[in-house]
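Notes for the structure review
Residues per chain, in single letters:
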Number of protein chains: 2
Amino acid sequence: MRDCIRVMVLGTGQMGLGIARLLREKSGIELVGVYARRQERNGLDLGPLIGFDKAIGIAVSNDLAATLEQTRPHIAIQATCSTVDDAAGEITTLIEHGVHVISIAEQMAFPAASSPDIAEQLHRLAVTNQVSVLGTGINPGFVLDLLVIMLSGVCANIQSITARRVNDLSAYGHAVMRDQGIGLSPAAFQKGLENKTVVGHIGFMQSIHMIAAALGWEIDRIEERREPIISQVRRETPVITIEPGQVAGCYHTAVAYREGKPVITLIHPQQICPGLEAVETGDFIEINGAPNVRLSGTPEIPGGQATCALAVNMIPRVLTASPGLHTMADLPVPAAMLGDARQWVNRYQRGQSYD
Amino acid sequence: MRDCIRVMVLGTGQMGLGIARLLREKSGIELVGVYARRQERNGLDLGPLIGFDKAIGIAVSNDLAATLEQTRPHIAIQATCSTVDDAAGEITTLIEHGVHVISIAEQMAFPAASSPDIAEQLHRLAVTNQVSVLGTGINPGFVLDLLVIMLSGVCANIQSITARRVNDLSAYGHAVMRDQGIGLSPAAFQKGLENKTVVGHIGFMQSIHMIAAALGWEIDRIEERREPIISQVRRETPVITIEPGQVAGCYHTAVAYREGKPVITLIHPQQICPGLEAVETGDFIEINGAPNVRLSGTPEIPGGQATCALAVNMIPRVLTASPGLHTMADLPVPAAMLGDARQWVNRYQRGQSYD
């Protein structure tokens with residue numbers, strides 16, 4: 001292709017704006033439109049929203065179909081929601097306009113895990129409209145699934161897998177604190193679990209299904225546990241302060257069983273200020289097999305930055321994938337896109353043109 | 001596909017036999033033939049060669065074309081050599097017989113690095129014959145390139161990359177000792193470098209070109225250095241004993257420059273008994289970028305086992321790839337193949353059949 005890759009962003013939260021900012025820095029890419037669900041964003045110029053001191057001529061719109069018709073993107077990045085149910089409407093509109101889709105909705109990383117019927121519908125619609133749809137993000141989409149799958153590639157056999165991501169939520173806002181039950185009493189945390197206001201991590205089902213599909217394992221059942229991380233010390237972030245005895249985060253785990261034995265254990269404690277109790281953050285993968293594989297990194301790969309980068313870096317792979325619904329395990333590995341984005345499209349294309 | 005995937009192995013060294021043994025354990029795969037360059041292997045039954053106490057009805061053959069015509073494999077795994085020049089003849093024969101190819105020849109991991117003309121010829125021939133060709137292995141092919149590329153996918157920008165693999169050669173045989181200059185005096189090591197009997201690691205050029213292509217970096221030049229690892233202590237393996245002052249291995253590095261600055265540094269010291277001087281073996285990746293990424297594992301992923309597993313695990317991906325020459329960065333990530341191999345072929349195939 002000779003013309004720039006035309007990209008649209010859906011969502012003007014921290015992720016949507018981070019992705020928009022990154023797209024503006026990439027050569028061979030033109031950010032052509034931004035859609036927001038929030039009505040108060042309608043008509044605003046994107047410039048000040050992403051830290052520019054003036055307008056850049058891209059107005060945020062609440063009308064997805066109209067923006068698509070005006071701006072005619074090749075591909076859109078969706079950063080508006082977490083679930084397949086919530087994401088499917090916008091994705092359907094995008095597909096029907098012939099637009100490829102990258103979604104960072106957590107459940108879209110492996111949509112068949114939560115919503116097999118919708119996943120099948122989206123796949124058929126994408127094939128009919130000759131576009132590709134991918135869910136990605138740091139987790140699910142990378143640390144607790146794709147990286148595990150890739151490392152398994154050096155194994156002749158595997159008994160069990162344990163992957164752990166210990167992160168620091170101190171930089172996040174009120175919504176994240178609420179979802180993890182941060183600041184609650186232990187009793188209120190329990191109640192929050194019961195009435196589902198405390199959710200913990202969204203993504204274990206997706207990661208486990210992605211790993212199992214890649215390895216060829218049939219999973220019998222998955223057990224999830226959510227425990228409060230009760231602080232021994234005072235912890236303070238820009239948006240919240242907690243006292244000893246209050247909940248600093250959610251220790252969320254999932255164990256997948258195969259033939260009655262635990263084969264995949266995913267551990268993801270999320271909290272504020274873990275360093276105050278000498279908790280080391282990081283990403284840790286252990287495969288017990290032939291051979292054993294251990295890989296870890298500290299601190300953890302920063303989630304927000306990484307999710308924005310992954311969404312942008314996957315653009316050429318999605319543009320040149322076969323039509324249909326994909327997971328990160330089906331496409332070539334992500335790579336930092338440090339040159340003109342069109343070079344990969346041209347390289348991957350075999351007789352296909354986006355010009 | 002309903003019938004088993006028919007696989008042939010080329011090579012009866014440690015790797016070829018390891019691959020053959022692993023193929024026999026995989027369901028959905030049938031090992032149909034084994035080719036050897038060594039004349040003394042011609043006509044031998046494979047069974048005793050891979051540790052069985054009786055014949056298994058697969059005779060090793062020195063005649064590649066005849067074996068292909070008799071056994072009609074879907075795919076062949078080549079484990080006979082290290083260079084593209086040396087690999088190209090057998091690969092050409094395989095392609096002309098309509099057989100997909102996985103090669104563990106180090107230079108085949110990115111054949112255009114050493115031999116752009118041969119790479120182009122093999123690519124065209126593969127496209128004409130509608131088969132796919134892949135080079136893989138632990139290194140090049142995984143640790144110092146594919147893993148680096150995948151981790152770069154979480155980055156918006158990158159200043160430099162350093163990847164280091166510190167391994168233990170104690171389990172290897174005479175040929176490996178000779179290639180690394182193990183057991184030589186420092187003066188003989190220098191002379192070995194000059195007359196090219198000491199070669200160090202084969203694969204830096206391939207890894208650097210694979211990373212650079214994936215990231216979109218133009219590399220100005222690559223500087224390689226090979227230094228003797230001079231032992232302070234006595235070191236002993238089943239095949240060699242060295243005294244203090246002798247060479248225990250080769251400290252081989254490569255630095256790639258872009259716009260005059262070092263951007264990719266690969267470090268691969270290979271020696272016997274590193275633990276005797278408290279050298280920790282392992283795989284270590286550092287990306288300086290936005291964000292920084294650090295990942296490491298100790299001990300190192302065992303090279304021989306991993307190379308055999310990767311070659312076998314990539315079978316479904318190569319069978320269903322687009323025709324032509326591929327690198328590990330172009331195909332979906334490897335994964336341990338723990339179920340019937342045909343399920344992935346059926347899943348990846350879109351209207352194509354190997355039945």
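Up top is the structure.
Throughout what follows, the structure given in this document is the object of discussion. (Residues numbered from 1 in each chain as written. Chains lettered and ligands numbered in written order. Predicted model: local features only at pLDDT ≥ 70, side-chain atom pairs only at ≥ 80, totals over all residues. Heavy atoms only, no water.)

Moving on, we get to the overall build of chain A. Looking only at helices and strands, one finds twelve helices and 15 strands in chain A. Its C-alpha atoms give chain A a radius of gyration of 21 Å, within 12% of the compact-globule value 20 Å for 355 residues. Residues counted as buried form 59% of the 355 residues belonging to chain A. Across chain A, every contact between residues at least 6 apart in sequence was considered, and the portion connecting residues at least 24 apart equals 73%. Carbon and sulfur atoms make up 47% of the accessible area of chain A, which amounts to about 13600 Å² in all. (Helix = DSSP H or I, 4+ residues; strand = E, 2+ residues; numbered from the N terminus. Rg over C-alpha atoms; globule rule 2.2 N^0.38 Å. Buried < 20%, exposed > 50% of the residue type's maximum accessible area, 1.4 Å probe, protein only. Contact = heavy atoms within 4.5 Å. Areas by Shrake-Rupley, 256 points an atom, 1.4 Å probe, with all protein chains shown as cover.)

A few words now on the relation of the copies chain A and chain B. Expressed as a screw transformation, the operator carrying chain A onto chain B has a rotation angle of 180° and an axial translation of 0.0 Å, and the superposed copies differ by an RMSD of 0.0 Å. Here the copies are linked by what is in effect a two-fold axis. When each C-alpha of chain A is compared by its distance to the rotation axis, Pro 332 of chain A comes out closest, at 2.1 Å. A share of 100% of the interface residues of chain A reappears at the interface of chain B, consistent with the copies meeting face to face through the same patch. (Least-squares fit on C-alpha atoms with pLDDT ≥ 70 in both.)

Turning next to the sheet that holds strand β6 (residues 132-135) of chain A. Residue and element names in this part refer to chain A. Here seven strands make up an open sheet; going across it, the order is β3-β2-β1-β4-β5-β6-β15 and the pairing parallel. The open sheet terminates on both sides in strands that have one partner only, identified here as β3 (60-61) and β15 (324-326). Pairing of strand β5 (residues 100-103) with β6 involves three bridges; the strand directions are parallel. Within β6, the residue paired with Val 101 across the bridge is Val 133. Contacting β1 (5-10), β2 (29-35) and β3, helix α3 (residues 64-71) crosses the sheet at an angle of about 165° to β1. (Pairing = 2+ DSSP bridges. Axes fitted to C-alpha atoms, helices over the stretch in contact; angles between N-to-C directions.)

Once that is clear, we can look at the interface of chain A and chain B. Interfaces are often sized by the accessible area lost when the parts come together. Tallying the contact residues gives 56 residues for chain A and 56 residues for chain B. For the pair chain A and chain B, the two sides together bury roughly 4200 Å², of which 63% comes from carbon and sulfur. The largest per-residue losses of area from chain A upon contact with chain B belong to Met 150, Val 154 and Leu 338 of chain A, which jointly make up 15% of the total buried on that side. For the pair chain A and chain B, the interface holds zero salt bridges. Seen at the junction of chain A and chain B, the total is 17 residue pairs in polar contact (both at pLDDT 80 or more). Elements that contribute at least two residues to the side of chain A that touches chain B include exactly α6 (146-152), β7 (157-168), α9 (204-215), β14 (293-297), α10 (303-313) and α12 (342-348) of chain A. Per-element tally for the side of chain A that touches chain B: the top contributor is α6 of chain A, with six residues. (Buried area = accessible area lost by both parts, 1.4 Å probe. Salt bridge = Lys/Arg side-chain N within 4 Å of Asp/Glu carboxyl O. Polar contact = N/O pair within 3.5 Å; in protein donor to acceptor, adjacent residues only side chain to side chain.)

The next point concerns helix α5 (residues 116-128) of chain A. Residue and element names in this part refer to chain A. Between its terminal C-alpha atoms α5 stretches 18 Å, which fits the 18 Å expected from 13 residues at 1.5 Å a residue. Along α5, the residues that are buried comprise Ala 119, Leu 122 and Ala 126. Here the buried residues of α5 occupy an arc of 65° about the axis, which is enough to place them on one side. Seen from the buried face of α5, the exposed residues on the opposite side, beyond 90 degrees, are Asp 117, Gln 121, Arg 124 and Thr 128. Positive phi appears at Gln 130, one or two residues downstream of α5, with a value of about 55°. (Expected span 1.5 Å × (residues − 1). Arc of directions from axis to C-beta.)

In this section: the sheet that holds strand β4 (residues 75-78) of chain B. Residue and element names in this part refer to chain B. In space, the seven strands of this open sheet follow the order β3-β2-β1-β4-β5-β6-β15, with parallel pairing throughout. With partners counted over all chains shown, the strands left at the sheet margins are β3 (60-61) and β15 (324-326), one partner each. Looking at chain direction, strand β1 (residues 5-10) and strand β2 (residues 29-35) are connected through six bridges and run parallel. Its bridge partner lying in β2, Met 8 is registered against Gly 33.

A few words on the packing of helix α1 (residues 14-25) of chain A against α10 of chain A. Residue and element names in this part refer to chain A. The contact between α1 and α10 brings their axes to 9 Å, and the two run at 55°. When the axes of α1 and α10 are compared, the pair comes out oblique. The two elements α1 and α10 meet at a crossing, and its hand is right-handed. In contact with Met 15, Gly 18, Ile 19, Leu 22 and Leu 23 of α1, α10 contributes Gly 304, Thr 307, Cys 308, Ala 309, Ala 311 and Val 312. Its residues assigned to classes, the contact of α1 with α10 comprises eight nonpolar, three polar and no charged. (Parallel < 35°, antiparallel > 145°, perpendicular 65-115°, else oblique. Left-handed = near helix turned anticlockwise from the far one by under 90°. Nonpolar A, V, L, I, M, F, W, Y, C, P; charged D, E, K, R; others polar.)

A separate point is the nonpolar core. Residues Ile 315 of chain A together with Ile 315 of chain B are the most contacted members of the largest nonpolar core, which totals 164 residues. Residue contacts for Ile 315 of chain B: discarding those within four places in its chain leaves Ile 5, Val 7, Leu 23, Ile 29, Ile 75, Ile 77 and Ile 102 of chain B. (Core = buried A, V, L, I, M, F, W, Y, C linked by side-chain atoms within 4.5 Å.)

The subject of this paragraph is the pairing of β2 of chain B. Residues and elements named next belong to chain B. Where burial is concerned, most of β2 is hidden: six out of the seven residues are buried. Tracing the backbone out of β1, into helix α1 (residues 14-25) and back to the parallel element β2 gives a crossover that is right-handed. Pairing of β2 with β3, which is carried by two bridges, proceeds in the parallel orientation. In the strand pairing of β3, Tyr 35 is matched with Ser 61. (Right-handed = clockwise from strand over helix to strand, strands pointing away.)

The next subject is the side chain of Arg 235 of chain A. All names here are of chain A. Of note, Arg 235 is situated in strand β9 (residues 235-236). Judged by its relative accessible area of 1%, Arg 235 falls in the buried class. Only 2.9 Å separates the side chain of Arg 235 from the side chain of Gln 271, close enough to count as a polar contact. Here the side chain of Arg 235 touches Glu 277 through a polar contact of 2.9 Å, side chain to side chain. Here Arg 235 is in contact with Ile 240, Thr 241, Ile 242, Ala 248, Gln 271, Ile 272, Cys 273, Pro 274, Leu 276 and Glu 277, once residues within four sequence places are set aside.

Glancing now at the packing of aromatic side chains. Applying the stated criterion across every chain, the model contains zero aromatic pairs over all chains. Between Arg 164 of chain A and the ring centre of Phe 284 of chain A, over which it is positioned, the NZ or CZ distance is 4.2 Å. Taking NZ or CZ as reference, Arg 221 of chain B lies 3.9 Å from the ring centre of Tyr 257 of chain B, over its face. (Phe/Tyr/Trp six-rings, centres within 6.5 Å; stacked < 30°, edge-to-face > 60°. Lys NZ or Arg CZ within 6 Å of the ring centre and 35° of its normal.)

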